[in-house]
Amino acid sequence: MSSRRSASARLAATGALTLAFGLALSGCSGGLAGSGDDGGSEDGPIKIGMLAPFSGQEAAFGDYMKFGAQLAIDEVNGDGGIDGRDLELVTEDDGCDPTAAVAAANKLVTAGVKGSVGGYCSGATLPTIPVFTDAQVPMVIPAANSNQLVGQGAFMINGTGAQQAEAAVEYIQSVGAARVAVIDDNTDYSVDLADSVEEQAEGFEIAKRESVNPDEKDFSANVNSVLGADPDFIVWSGYYQAGGLLVNQLRGAGYDGPILVGDGSVDAQLAAIAGDESIKNVVGTFTKTPDMLEGGDAWIADYEEVSGGAAPGPYSIQTYEAVKTMAEAFTEAGGTEFEAVTTALDELEGFPLLTGDLTFADDGSREGGGFVIVEPTGDGGAFVLKDDLQG
């Protein structure tokens, strides 16, 4: 096993972020019920916080993540908790907005959380790292995966943008594409993934790099610009709301070639927005979902019991695994002390999770990444496994 950085080294890694964002914990007052409770009494529950979008365009992912986290907490508590203490989930809405996310992170700190298991949008997650680390709250991020998050002191369940791009490039090579257009939506996550695809391109040409404004509805100028480069493969690195419209308009303009979307667009809503005909010949990069896993049906049934019958969605299982990982670190650390928990996370090696054994690299990223190629079905547009990229 490679050498691990100490928790103090991880703490130092966030110093630049702290200065860059100019964050101060005194800047936001807590707004939760029970605010001011330090969550650390020896006989009370251990609070873990989760930032996720419960409002705005990405709001569906908030519930996907919340129910995944709650299922894991119920299982941990059913097995006796952490040294006899239950876990308790505290959620806050970050709206995928950096300013709102900082305020929400401060609320969780004030509420006394001892670990953070949230983070969906990378741009909103990045400025919360100094907030949590300054308060000595370890972070296990389930979904956000921009390369900018790597090496900042947090631990990532999802593969990084670079790892996702590697899977995309491998698939592009496998289908023999020669001229590839890469389109982003100007968000941190999307630009990061698009940059990574462009940097790793080998065996094919990047014929066009295009950026769209995701708040617009008419992408005809972008579509004409992209198709003017005569691509035989298109990569969309943005989120599904704009992605669905873009796919529909590309098809309407006559492009019927393959389109690969990043994990921010791997959602049944992509098909709902694009239309059943437009979604044909579309694939995505994603980490494994419950339906791809051995025993996945049982996990889905357990999730639906917690969610009131709602099916799991993207990042439900990753958030479930973030909680399981944090609970394991608390157990190994013998409590919630920051440096002990961070060291325990650092030293996890081959920790068994549903999506595969987990080991963190020195920079906090997940070794291996775990990305596969998925495709939408004709049954509501849900994505299923197409290619595991294993040869």
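Residues numbered from 1 in each chain as written. Predicted model: local features only at pLDDT ≥ 70, side-chain atom pairs only at ≥ 80, totals over all residues. Heavy atoms only, no water.

The protein appears in an unreviewed UniProt entry as Branched-chain amino acid ABC transporter substrate-binding protein from Leucobacter manosquensis. For the record of the protein, the UniProt heading Sequence similarities (unreviewed entry) holds the text "Belongs to the leucine-binding protein family." (UniProt positions renumbered as here; feature names shortened; annotations may be inferred.)

Looking at this structure, I do not really get the overall build of the protein. What am I missing?
A count of helices and strands for the protein gives 14 helices and 12 strands. For the protein, with 391 residues in total, the buried portion stands at 54%. When the accessible surface of the protein is summed, it comes to about 14700 Å², and 45% of that surface belongs to carbon and sulfur atoms. (Helix = DSSP H or I, 4+ residues; strand = E, 2+ residues; numbered from the N terminus. Buried < 20%, exposed > 50% of the residue type's maximum accessible area, 1.4 Å probe, protein only. Areas by Shrake-Rupley, 256 points an atom, 1.4 Å probe, with all protein chains shown as cover.)

Got a minute to help me understand the side chain of Thr128 in this structure?
With respect to the helices, strands and loops of the structure, Thr128 is situated in the loop between helix H5 (122–125) and helix H6 (129–134). At a separation of 2.6 Å, a polar atom in the side chain of Thr128 contacts the main-chain carbonyl oxygen of Thr125. Among residues more than four places away in sequence, those in contact with Thr128 are Leu51, Ala101, Val102, Ala105 and Met139. (Polar contact = N/O pair within 3.5 Å; in protein donor to acceptor, adjacent residues only side chain to side chain. Contact = heavy atoms within 4.5 Å.)

Honestly, the pairing of strand E2 (residues 87–93) in this entry has me stumped. Any pointers?
Look at any regular strand and the pattern is simple: side chains alternate between the two faces of the sheet. In the sheet, strand E1 (residues 46–52) pairs with E2 via seven bridges, with the strands oriented parallel. Opposite Gly49, over in E2, you have Val90 as the bridge partner. Taken together, E1, helix H3 (residues 60–78) and E2 constitute a β-α-β crossover, and its handedness is right-handed. (Pairing = 2+ DSSP bridges. Right-handed = clockwise from strand over helix to strand, strands pointing away.)

Looking at this model, I keep getting lost on the state of the cysteines. Mind explaining?
Covalent bonding between the sulfur atoms of two cysteines defines a disulfide. Evaluated as defined, the whole model comprises one disulfide. Two residues, Cys96 and Cys121, share a disulfide whose sulfurs are 1.9 Å apart. Looking along the S-S bond of the Cys96-Cys121 disulfide, the torsion reads about 80°, which is the right-handed sense. With Cys96 in the loop between E2 and helix H4 (98–111) and Cys121 in the loop between strand E3 (115–116) and H5, the pair connects residues that are 25 residues apart, well separated along the chain. You can call Cys121 buried: its relative accessible area is 6%. (Disulfide = S-S within 2.5 Å.)

Can you help me understand the sheet that holds E2 in this one?
The strands making up a sheet are joined through hydrogen bonds of the backbone, oriented either antiparallel or parallel. Strand order in the open sheet made by the three strands is E2-E1-E3, with parallel pairing throughout. The open sheet is flanked by E2 and E3, the only strands paired with a single partner. Note: E1 against E3, two bridges, orientation parallel. Considered in E3, the bridge of Gly49 is made with Ser116.

Would you take a moment to explain the pattern of salt bridges for this structure?
For side chains of opposite charge, pairing can occur when their charged atoms come near one another. Tallied over the entire structure, the rule returns 10 salt bridges. Of the charged contacts in the structure, one is a salt bridge between Glu277 and Lys280, with a shortest N-O distance of 3.1 Å. Here the salt bridges do not stand alone but share partners, grouping Asp184, Asp195, Glu198 and Arg209 into one network. (Salt bridge = Lys/Arg side-chain N within 4 Å of Asp/Glu carboxyl O.)

Please clarify how the environment of Val261 should be interpreted in this entry.
Along the chain, the position of Val261 falls in strand E9 (residues 259–261). Beyond its immediate sequence surroundings of up to four residues, Val261 is in contact with Trp236, Val266, Leu270, Val282, Val283, Gly284 and Thr285.

What is the right way to read the sheet that holds E9 from this model?
Reading across the sheet, the seven strands line up as E7-E6-E8-E9-E10-E11-E12 and stay open at both edges, with mixed pairing between neighbours. At either end of the open sheet lies a strand with only one pairing partner, and these are strand E7 (205–211) and strand E12 (383–387). Direction aside, neighbouring strands of the sheet carry axes that sit 30° apart on average. Both strand E10 (residues 282–287) and strand E11 (residues 371–376) contribute to a ladder of four bridges, which runs antiparallel. Paired with Gly284 across the two strands is Val374, which belongs to E11. (Axes fitted to C-alpha atoms, helices over the stretch in contact; angles between N-to-C directions.)

Please clarify how helix H8 (residues 188–200) should be interpreted in this entry.
Helical geometry note: an α-helix holds 3.6 residues per turn, so side chains three or four residues apart project in the same direction. Taking 1.5 Å of rise per residue, 13 residues should cover 18 Å, and H8 covers 18 Å from first to last C-alpha, within 8% of that figure. Of all the residues in H8, the buried ones are Tyr189, Ser190, Asp192, Leu193, Ala194, Ser196 and Val197. The secondary structure elements touched by the buried residues of H8 are H5, helix H7 (161–174), strand E6 (179–184) and E7. (Expected span 1.5 Å × (residues − 1).)

Whenever I open this one, the packing of H7 against H8 confuses me. Can you help?
Between two packed helices, the angle of one axis relative to the other and the distance separating the axes together describe the packing. Where H7 meets H8, the closest approach of the two axes is 8 Å, and the angle between their N-to-C directions is 50°. The angle between H7 and H8 places the two elements in the oblique class. Judged by the twist between their axes, the crossing of H7 over H8 is right-handed. Two secondary-structure elements touch here, H7 through Gly161, Ala162, Gln164, Ala165, Glu166, Ala168 and Val169 and H8 through Tyr189, Asp192, Leu193, Ser196, Val197 and Gln200. (Parallel < 35°, antiparallel > 145°, perpendicular 65-115°, else oblique. Left-handed = near helix turned anticlockwise from the far one by under 90°.)

Sorry if this is basic, but what is going on with helix H12 (residues 296–307) here?
For H12, spanning 12 residues, the distance from its first C-alpha to its last is 16 Å, which sits close to the expected 16 Å at 1.5 Å a residue. Those residues of H12 that sit buried are Gly296, Trp299, Ile300, Tyr303 and Ser307. For H12, the buried positions fall inside an angular range of 100° around the axis, keeping them on one side. Among the exposed residues of H12, those pointing more than 90 degrees away from its buried face are Asp297 and Glu305. (Arc of directions from axis to C-beta.)

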